Every structure is written in C-alpha cells, then in structure tokens.
Protein chains: 2
Amino acid sequence: MKEDVENLTRQIDELSARLREAIGRSSEQMNNAPYQPKAHPKLATTSAAPPAAKNTPYRQKIEKLSGEVVDSNPYSRLMALQRMGIVKDYEKIRKKTVAVVGVGGVGSVVAEMLTRCGIGKLILFDYDKVEIANMNRLFYQPNQAGLSKVEAARDTLVHVNPDVQIEVHNFNITTMDNFITFIDRLRHGSLSNSKIDLVLSCVDNFEARMAVNMACNEENQIWMESGVSENAVSGHIQFIEPGKTACFACVPPLVVASNIDERTLKREGVCAASLPTTMAVVAGFLVMNTLKFLLNFGEVSHYVGYNALLDFFPRESIKPNPSCDDDHCKLRQREYQERIANEPVEIDFGPDLDEPEVLHEENEWGIELVDESAPAPPKVESSSGVAQGLKFAYDPVSKTPEEEDLSPAQAAANDLMQSIKEKLVEEASQQKK
Amino acid sequence: MKEDVENLTRQIDELSARLREAIGRSSEQMNNAPYQPKAHPKLATTSAAPPAAKNTPYRQKIEKLSGEVVDSNPYSRLMALQRMGIVKDYEKIRKKTVAVVGVGGVGSVVAEMLTRCGIGKLILFDYDKVEIANMNRLFYQPNQAGLSKVEAARDTLVHVNPDVQIEVHNFNITTMDNFITFIDRLRHGSLSNSKIDLVLSCVDNFEARMAVNMACNEENQIWMESGVSENAVSGHIQFIEPGKTACFACVPPLVVASNIDERTLKREGVCAASLPTTMAVVAGFLVMNTLKFLLNFGEVSHYVGYNALLDFFPRESIKPNPSCDDDHCKLRQREYQERIANEPVEIDFGPDLDEPEVLHEENEWGIELVDESAPAPPKVESSSGVAQGLKFAYDPVSKTPEEEDLSPAQAAANDLMQSIKEKLVEEASQQKK
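Keep in mind that what you see is a predicted model, and the values were worked out from it rather than measured.

**Section: the overall build of chain A**
Part 1 of the reasoning: Summing up its helical and strand segments, chain A has 11 helices and nine strands in all.
Part 2 of the reasoning: In chain A, buried positions account for 58% of the 433 residues.
Part 3 of the reasoning: Across chain A, contacts joining residues at least 24 apart in sequence account for 70% of those joining residues at least 6 apart.
Part 4 of the reasoning: A total accessible area of about 18300 Å² is found for chain A, and carbon and sulfur atoms account for 49% of it.

Written out as structure tokens, the structure is:
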C-alpha cells in the first residue's frame, strides 16, 4: 500500500516534469523575441545632458564593466567594491538571474536596486495594477496608475539601466497554469536558459508565499522571503535553502513582536498601513543579502527582523522540521543530511552558482537515496526557542493536521497543491492520447 | 580680559542676528513667489490613467487628508497608521517643515520618502550636479545627468506629490553667504515663516557636517546626522539635540567597525564605493526616526549603526562633552542642565513642535543663565565606552588643540567659523555706516 502511493507519486512527478518541459519550450519561444523598450518619456523634455533622440534609450549598452573613475561611468562606484577588497569579482553579477515575485512596495524597490547594481537578468512576476493608493511607497509614480505593475516597472528599469535584461509575467503564480510557467522560469529562466540563481519573494499574502515555497522545494531552488507587517512598523527577510534551513511550511513564519493587538489589525474594513521607510529598509536588507549570496562576501543572514518602533533587529537561524507537511522539503532534508554525512566539513555558505546544476539531478523526482546510517535529522526549534522579541505569526501546524484545523489560507494552499497534481495527471494523460 | 572676550563674542552674536534678519527678509521675499512646477514628462506618453493635459500636474492638491480606503486616495495607507493606533494624529505631518542638507545617495531618497509621506514642506540644499556615476543609487535617472541635484529632485518630487511645498537652494552651505542664508532658513523656513522642525544632514564630508553642527548649536535646532562608509557596507544615523546629546564636535563621529584597513580606503585615485542597498537602509532609518520624532510615537533612537557584512546594528547614546570646542554647544549644555534641575522629571523625548518657540528666547544670543547650584555637567563617554562593534572615525580632539594638531578638515572648519564671525562684524559695521 505504501509502495503504491510512492509509485504513484513518482509517476505524477515524472509526468509533471515532462509537461513543464513542453510548456517551457513554448514559453521560451515567446520570450526569445527581444523586448523593445519604449523610450523613457523624461528624455523628451528634461534632459540637459547629451541629446538623445526620442524613442532611443539614454545610453548604449555597455559590454564590459569598467572601474574607470569618470562621471560618465555608471559602474565606477560598484567596481570600487572590488578595488576596496569587499567583493572579489563584482563583474560576476552580470551572469546572474534573479526572479522577483511581487513588485509592490518591497519588490519594486528590490528590482530597482538590482537593476542599478547591474544584475544580468530579472524576471518579474505580479498580477496587480499600480494605484494612486500605492503612492506612499517608493518607485511608482502617479501617472503610472492603471498600468500593470510589471509593465510599469519594466518601462522604468530599462530606462535606468539598459544593460539589464527584464522579463515580465503579468499573472498570479497561484493559479494552475501560471504556477507551471513559474516553475519553468525557475528551471530555464537564466541567461543561458538554465536554472536561475535566486528567487526573491516580495508578496503580501500567505497563498503566494506557499506557492513559492512549494516550487522552490520541488526545484531545490534557494530563495529568500520578505515581509512587512500590516501596521507598517516591522518587517523581516529570511534565507531558505531547501533541506538545510526551515522552509516556509516547516514552521510558522516568524514575525517581529509589534506590541499591537492582532485583533486591531484584523478589524474589518481597515486597510493595511504601509510606509516607504519600512519597505525600503526591508528591500535594502533583501538585496544586500542577495549580493552577499551571489558574489560570495560577508555573511549571508538566515533571518533579520526589523522593529521600527524600537530600532530592534533580531537575527535567527531556524532548522528544518523533519515532520514538514511538504514532501519535497523532507526529501531535500534527507539529501542534505546525506551530503553533510559524506562531507564532514560544513558546506560553504553562499556557494558559487556559476555552475547551477542540482547536486543529485537524477533524484529530483522523488527517488530516495537516504542512507539508513545517516545522522538523525535536526530538531525543529520550539516556538519558545526563537530569539527575544520574535514570535510566530500563528500557532505551529500540527504534524497530522485534520482538515477542520486548517486556516482558510492553509486549506487554500493544500487545495492548490492537490489540484495541480490532478491537473498535471489529466493533461499528461491527454497528451499521451 | 576674559570678560572682554565674552563681551565681544556677545556683540558679534547680536550683530550676526541682525544681519541674518535682514538677509532673511529679502530671502523670504524671493521665496514668496510660488514655484511653478514643470509637468512631469512621463505624463505625456505613458499615462494609462485619467487624461492629464500637458503642463498640468497629475492630480490637484488635496486640502485635507482622508483615510477613505479607495484606490484613488494617496493617503489611505498612511492614515491607516492612525486607525491602527501607531500614530495619534498623522495629519500633523502637513504642518511640519524639514530641511535636507545634501540630496545625493541618501538625501534624495530621504526627500522622496518624506514627500510620499505627505510632509508639509521640504527645504533642499545641495551644490552638486547629477552624474551618470550616481546611477548605482536610487532616485536620479540617467536623463537627469547634468542637471543640478536640487532642481532634478524638485522636478520629480512635485510630480510625485503636489501637496508638498519644495524650496531648493543650489549652493554649498560652507561658504560665507550661503551659511548665513542657511541659518536664515532654519529660523524662518517653516510654513508659517518661523523656525523649522528638523534638519537632516545627508552630506558626505566633514566640513559640511561641521557647518550644520555649528548652525544647529547656535539656533538650538534639533537635527539628525547620517552617513555611509566609503566602502559602502556600513552606515549610521544620529539624533542630536543641542545640550542634551553629544553634538558633532563633542566627540569624534562614531563609525561602525568595518574590518577594512583604513589605508585601503584612503589610497589615492580610488573613488568611494556606494550601494543602493546601504543608502536606502540609512535613508529608511533616518526618515523613520524623523516620523517618530515629528509625530511622537515609538522610541526616537540616538544612534543606530548598520554593518551590512554581518547584519549588525549597534545602538548607542552619547552625552555631550563639557569641554566641547563649540561655545554654543556648551551654552546649550548649561541651559539643558538648568532645565532638568528645575524640572526633576525627565523631559519628554520627541516633544510636540507645534509651538516651535525656543525655551529661553531672550537668551539665545549668549547670555548665560546658568545656576551655580546646577548639577555638574555629565561626563562624556570615553572612547572605549562605546558599544561593541563601534569605534570613533578618528582620535578624539584634544581639549586645547594646537593649530598644528588639527586635521586639514578641522582646520578648514575652524577657519570657516572664524571667517564668518569676521565677515559678519565687517558687514554689520558697513550697514551701520
């Protein structure tokens, strides 16, 4: 009976892999047509600098980064990081691809920072439109109201730095087809059509975070999560390496203690508050952690909280939960345990991702390689074991949850996972016909 | 002999006050002509929202803030702070005036944040031009290269939020005439032509910081200092209330330990590095502290450091130095001691500034009211007494420095102070003729 279930699961995974490859191929063909940026409208009137014809970008693309200290070099202050010994090889950033899921108050600033830092490629996901109500945060401007956020973001970003390749997806990743496309872009979205380097989650809801988590566990994709509280005065970033750190489903997400009664926040008809300060700080932490990870300098943080009322910044590390509800998380945990058992020396943090191959490619569809002699998986931190000032956003999920115990958001996420599997099986069987 | 010196100093102060008033009046007349914003060029082409004729702002000014939760309300997410109990009266922000000195990597983002938060009035000071080499930081765009930073900033900010009054000064505050105009704007720059609420220093050099410090000590003006390191991976903010906290001249400025050899940073021909991440984080801390101070919520921080390599955030308070070289600092210290001696209960931090009258208006030109029975002034913290991870940017200034011991920057600041006094006496005596 247990074997049957495992067999079926493996088959579903195989089928979903094939289906994704098929969808991925057509998606690639779509994205191979290069984006033609509209000229930035500012060009037409306010430029006091060298003349630029309407409908052409402000400057030509730059083939190779230079550290030359001249006013006209957009990279001199970044290449100085190299000369000052902070970063060994800053130019490596041009080969990196980062996906940003959600380009609202945090994600849009994250995308702008990475663009100005000269990242190789950005893939932006959002289904929302710019509204005047968003003008209390950085990045979007009033005249962009009504445009889709990803299109508005691309228009600005290609103008700010034409060297960066921007791919946008104006959809909600939690619906079936979009989730499949999302996974395809993780697998084939890089500049060399291979696995991307990092996913940054800048979304504002539980379902979207669970979708990112599910995809990254399945794809063995390192990602970072971010969030700001509904009262606008706290936030956090979290680094998630499947199997090594807690995934988003392992333990409830940590929130910074806000001293605000939760009931106040949840009152009906009250919109969430937001501040450009908190969002820029969280975006700054997230992109700084991204640069440290991609360019291998400093210390990549696992969790940094920000309590703006007290200027309090808890740091934390959370081990994965051996009883996590996500089967792919448990698989990654076993893989990780096996790896460290074979390599007693701790694996370097912030690995070089120039060769973004998965370590056990032949095992990514559910085949277990776990060694019975491997050390016991690490214990998950208890809810009371987190750093001072931190608490979980809700009570930990019980290990064998009854359907009626699930929050609407958890149930929705579970439904999504289930319906994706069913749909994949159905579509795959139709393809075979 | 000592009395003579004190007498002369007092006379100089009186003369400088009169001179400033005279200059202030003409400056006010200049600034009374309302600014006519150019239409934001984006309007012409990318707007998919309600049509706006060329050369008109995107939206009309809003007379009264509303908390209504509709997409078209730019203040709904800010007014939610009030409904959530974070801020008692958010609308008070519309009466506040903040000066931002330096609108580069930190100051431009600070100005944008305050604009999006709906501050009443901003006064921007900078003498620099936008360069393509600045494009690795947020805010400015490539087509603005060559424009003065304050003009470029105003063009963007009036477009982002037409409710905010923006006054700009395209000059270096460390030259004589400009310093006098700077002081005048602190005294008369508010929306009601009275004292402004706060000065934010976002400059990148010692001389400008000393000039801000000198002006704020003289005017008894609360201000905040900010800075980022030359290697781009650390920064800080500091709250300075004359007489209560250390001023910028009391002790050497604190820097976050960077683990980088100073000699590496000072090598000739190496430009400073900068990152949009560090600068946005420092800007976020600074404006958050500003909001807490202006709107009286949370805990105003005296000093917050940011070490990006380790995500380490030292907090600190530094008492003023009774032997500070700045005479106005010492006067403010005596005033503060007298105040707390008369009011044994600690004065509230983050006072309500709706009535921005100085406490001892009749004394602001140097007349001492110090009570001989007042408690001894607090000791300055020793260099080894600062929080872990912090160190001073240079060795503390000796209490009676010999001219040859001064760094070029300190000497320049002293020269400035001296030449301003001389020039004031000279100009005032000419006025009398």
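**Points about the relation of the copies chain A and chain B**
Part 1 of the reasoning: Expressed as a screw transformation, the operator carrying chain A onto chain B has a rotation angle of 180 degrees and an axial translation of 0.0 Å, and the superposed copies differ by an RMSD of 0.0 Å. Such a turn and shift between the copies fits a two-fold axis. In terms of C-alpha distance to the rotation axis, chain A has V281 of chain A as its closest residue, with the C-alpha 2.3 Å off the axis.

**Comments concerning the nonpolar core**
Part 1 of the reasoning: With 146 residues, the main nonpolar core has L122, L124 and F285 of chain A together with L122, L124 and F285 of chain B as its most contacted residues.
Part 2 of the reasoning: Contacts of F285 of chain A, omitting those with residues within four sequence positions, involve I237, V304, Y306 and F313 of chain A together with V281, F285, Y306 and F313 of chain B.

**Structural notes on the environment of I119 of chain B**
Residue and element names in this part refer to chain B.
Part 1 of the reasoning: The residue I119 is located in the loop between α4 (107-116) and β2 (121-125) in this model.
Part 2 of the reasoning: Given a relative accessible area of 1%, I119 falls into the buried group.
Part 3 of the reasoning: Setting aside its immediate chain neighbours within four residues, I119 contacts I93, K96, V98, L114, V164 and L294.

**Let's talk about the pairing of strand β1 (residues 97-101) of chain B**
All names here are of chain B.
Part 1 of the reasoning: Taking burial as the measure, the five residues of β1 include five buried ones, the bulk of the element.
Part 2 of the reasoning: With burial as the criterion, each face of β1 is covered, one bearing T97, A99 and V101 and the other bearing V98 and V100.
Part 3 of the reasoning: Assessed by its sense of winding, the connection that carries the chain from β1 through α4 to β2 is right-handed.
Part 4 of the reasoning: Sheet topology note: the β1/strand β4 (residues 198-201) ladder contains four bridges and is parallel. Its bridge partner being in β4, V101 is matched across the sheet by S201.

**Details of the confidence of the model for chain A**
Residue and element names in this part refer to chain A.
Part 1 of the reasoning: Across chain A, the average pLDDT comes to 77, with 62% of residues at 70 or higher.
Part 2 of the reasoning: The low-confidence segment residues 39-56 (pLDDT under 50) makes 38 contacts with residues lying over four places distant or belonging to another chain.
Part 3 of the reasoning: In the predicted structure, residues 396-406 sits below a pLDDT of 50 and forms 11 contacts with residues beyond four places in sequence or in another chain.
Part 4 of the reasoning: Two numbers describe this predicted complex: its pTM, 0.76, and its ipTM, 0.76.

**So, the side chain of D126 of chain B**
All names here are of chain B.
Part 1 of the reasoning: Inspection of the secondary structure puts D126 in the loop between β2 and α5 (149-160).
Part 2 of the reasoning: Put simply, D126 is tucked away with no salt bridge, and the nearest opposite charge, on K149, sits 5.1 Å away.
Part 3 of the reasoning: Among the polar contacts listed, one links the side chain of D126 to the backbone nitrogen of V103, at a separation of 2.7 Å.
Part 4 of the reasoning: A polar atom in the side chain of D126 sits 2.7 Å from the backbone nitrogen of D128.
Part 5 of the reasoning: Excluding residues within four positions of it along the chain, D126 makes contact with G102, V103, G104, K149, V150, H169, N170 and F171.

**Observations regarding unusual backbone geometry**
Most peptide bonds take the trans form, and the phi angle of most residues other than glycine is negative.
All names here are of chain A.
Part 1 of the reasoning: Phi at F139 takes a positive value of approximately 90 degrees, unusual for a residue other than glycine.
Part 2 of the reasoning: Tracing the sequence through the fold places F139 in the loop between β2 (121-125) and α5 (149-160).
Part 3 of the reasoning: Residue F139 is classed as buried on the basis of its relative accessible area of 7%.
Part 4 of the reasoning: Of note, the phi angle at N296 is positive, near 60 degrees, even though the residue is not glycine.
Part 5 of the reasoning: Judged by relative accessible area, which is 47%, N296 ranks as partly exposed.

**What to know about the interface of chain A and chain B**
Part 1 of the reasoning: Counting from both sides, the interface comprises 87 residues of chain A and, opposite them, 87 residues of chain B.
Part 2 of the reasoning: For the pair chain A and chain B, the summed buried area comes to about 7700 Å², and 66% of that belongs to carbon and sulfur atoms.
Part 3 of the reasoning: Of all residues in chain A, R77, M84 and R116 of chain A bury the most surface against chain B, accounting for 11% of the area lost on that side.
Part 4 of the reasoning: If you look at where chain A meets chain B, you find two salt bridges.
Part 5 of the reasoning: In this structure, K292 of chain A engages D311 of chain B in a salt bridge whose closest nitrogen and oxygen atoms are separated by 3.5 Å.
Part 6 of the reasoning: Between the two partners, chain A and chain B, sit 26 residue pairs in polar contact (both at pLDDT 80 or more).
Part 7 of the reasoning: Of all the elements in the fold, those that place two or more residues in the side of chain A that touches chain B are α2 (42-45), α3 (76-83), α4 (107-116), α5, α8 (262-266), α9 (276-295) and β8 (303-307) of chain A.
Part 8 of the reasoning: When residues in the side of chain A that touches chain B are grouped by element, the largest group, 12 residues, is from α9 of chain A.

**Digging into the pattern of salt bridges**
Residue and element names in this part refer to chain B.
Part 1 of the reasoning: According to the stated counting rule, one finds 30 salt bridges over all chains in the structure shown.
Part 2 of the reasoning: Residues R116 and E112 are paired through a salt bridge, measuring 2.8 Å at the closest nitrogen-oxygen approach. Here R116 and its partner E112 are both found in helix α4, four residues apart, which amounts to about one turn of the helix. Like R116, the residue E112 is buried in the burial classification.
Part 3 of the reasoning: E219 is paired through a salt bridge with R187; the nearest N and O atoms lie 3.3 Å apart.

**Considering the sheet that holds strand β5 (residues 223-228) of chain B**
Residues and elements named next belong to chain B.
Part 1 of the reasoning: The strand order β3-β2-β1-β4-β5-β6-β8 describes an open sheet built from seven strands, whose pairing is mixed. Edge positions in the sheet fall to β3 (165-169) and β8 (303-307), since each of these pairs with one other strand and no more. Strand after strand, the sheet turns through a mean of 15 degrees between neighbouring axes, direction not considered.
Part 2 of the reasoning: Contacting β1, β4 and β5, helix α7 (residues 206-219) crosses the sheet at an angle of about 170 degrees to β5.
Part 3 of the reasoning: Together, β1, β4, β5, β6 (234-240) and β8 form the strand contacts of helix α9 (residues 276-295), whose direction differs from that of β5 by roughly 170 degrees.

**Side note on the pairing of β8 of chain B**
Residue and element names in this part refer to chain B.
Part 1 of the reasoning: Most of β8 is tucked away: five of the five residues are buried.
Part 2 of the reasoning: Burial along β8 is two-sided: the residues Y303, G305 and N307 and V304 and Y306 are all buried.
Part 3 of the reasoning: As paired strands, β6 and β8 are joined by five bridges and run antiparallel to one another. Directly across from I237, in β8, lies its bridge partner V304.

**Focus: the packing of aromatic side chains**
Part 1 of the reasoning: Counted under the stated rule, the structure contains 21 aromatic pairs over all chains.
Part 2 of the reasoning: Considering the side-chain rings of F285 of chain B and Y306 of chain B, the 6.4 Å spacing of their centres and the 70 degrees angle between planes classify their relative orientation as edge-to-face. Taken together, the residues span a long stretch of sequence, with F285 of chain B in helix α9 and Y306 of chain B in strand β8 at a distance of 21 residues.
Part 3 of the reasoning: For F285 of chain B, a relative accessible area of 2% puts it in the buried group.
Part 4 of the reasoning: According to the relative accessible area criterion, Y306 of chain B is buried, its value standing at 1%.
Part 5 of the reasoning: Ring pairing ties together the aromatic residues F285, Y306 and F313 of chain A together with F285, Y306 and F313 of chain B, which thus form one cluster.

**Looking at the sheet that holds strand β3 (residues 165-169) of chain A**
Residue and element names in this part refer to chain A.
Part 1 of the reasoning: The mixed open sheet is built from seven strands, whose spatial order is β3-β2-β1-β4-β5-β6-β8. Pairing within the sheet leaves two strands with one partner each, and these edge strands are β3 and β8. Each neighbouring strand pair of the sheet contributes to a mean axis angle of 15 degrees, computed without reference to strand direction.
Part 2 of the reasoning: Sheet topology places strand β5 (residues 223-228) next to strand β6 (residues 234-240); six bridges connect them, and they run antiparallel. For S226, the partnering residue across the bridge sits in β6 and is I237.
Part 3 of the reasoning: Each of β1 (97-101), β4 (198-201), β5, β6 and β8 touches α9; the most contacted strand, β5, lies at about 170 degrees to it.

**Let's talk about the state of the cysteines**
Part 1 of the reasoning: A full pass over the atoms with the stated rule returns zero disulfides over all chains.
Part 2 of the reasoning: No disulfide involves C324 of chain A; its nearest neighbouring cysteine sulfur is the one of C247 of chain A, lying 3.7 Å away.

About the criteria used
Residues numbered from 1 in each chain as written. Chains lettered and ligands numbered in written order. Predicted model: local features only at pLDDT ≥ 70, side-chain atom pairs only at ≥ 80, totals over all residues. Heavy atoms only, no water. Helix = DSSP H or I, 4+ residues; strand = E, 2+ residues; numbered from the N terminus. Buried < 20%, exposed > 50% of the residue type's maximum accessible area, 1.4 Å probe, protein only. Contact = heavy atoms within 4.5 Å. Areas by Shrake-Rupley, 256 points an atom, 1.4 Å probe, with all protein chains shown as cover. Least-squares fit on C-alpha atoms with pLDDT ≥ 70 in both. Core = buried A, V, L, I, M, F, W, Y, C linked by side-chain atoms within 4.5 Å. Right-handed = clockwise from strand over helix to strand, strands pointing away. Pairing = 2+ DSSP bridges. pLDDT = per-residue confidence, 0-100. Lys, Arg positive; Asp, Glu negative; His and termini not counted. Salt bridge = Lys/Arg side-chain N within 4 Å of Asp/Glu carboxyl O. Polar contact = N/O pair within 3.5 Å; in protein donor to acceptor, adjacent residues only side chain to side chain. Buried area = accessible area lost by both parts, 1.4 Å probe. Axes fitted to C-alpha atoms, helices over the stretch in contact; angles between N-to-C directions. Phe/Tyr/Trp six-rings, centres within 6.5 Å; stacked < 30°, edge-to-face > 60°. Disulfide = S-S within 2.5 Å.

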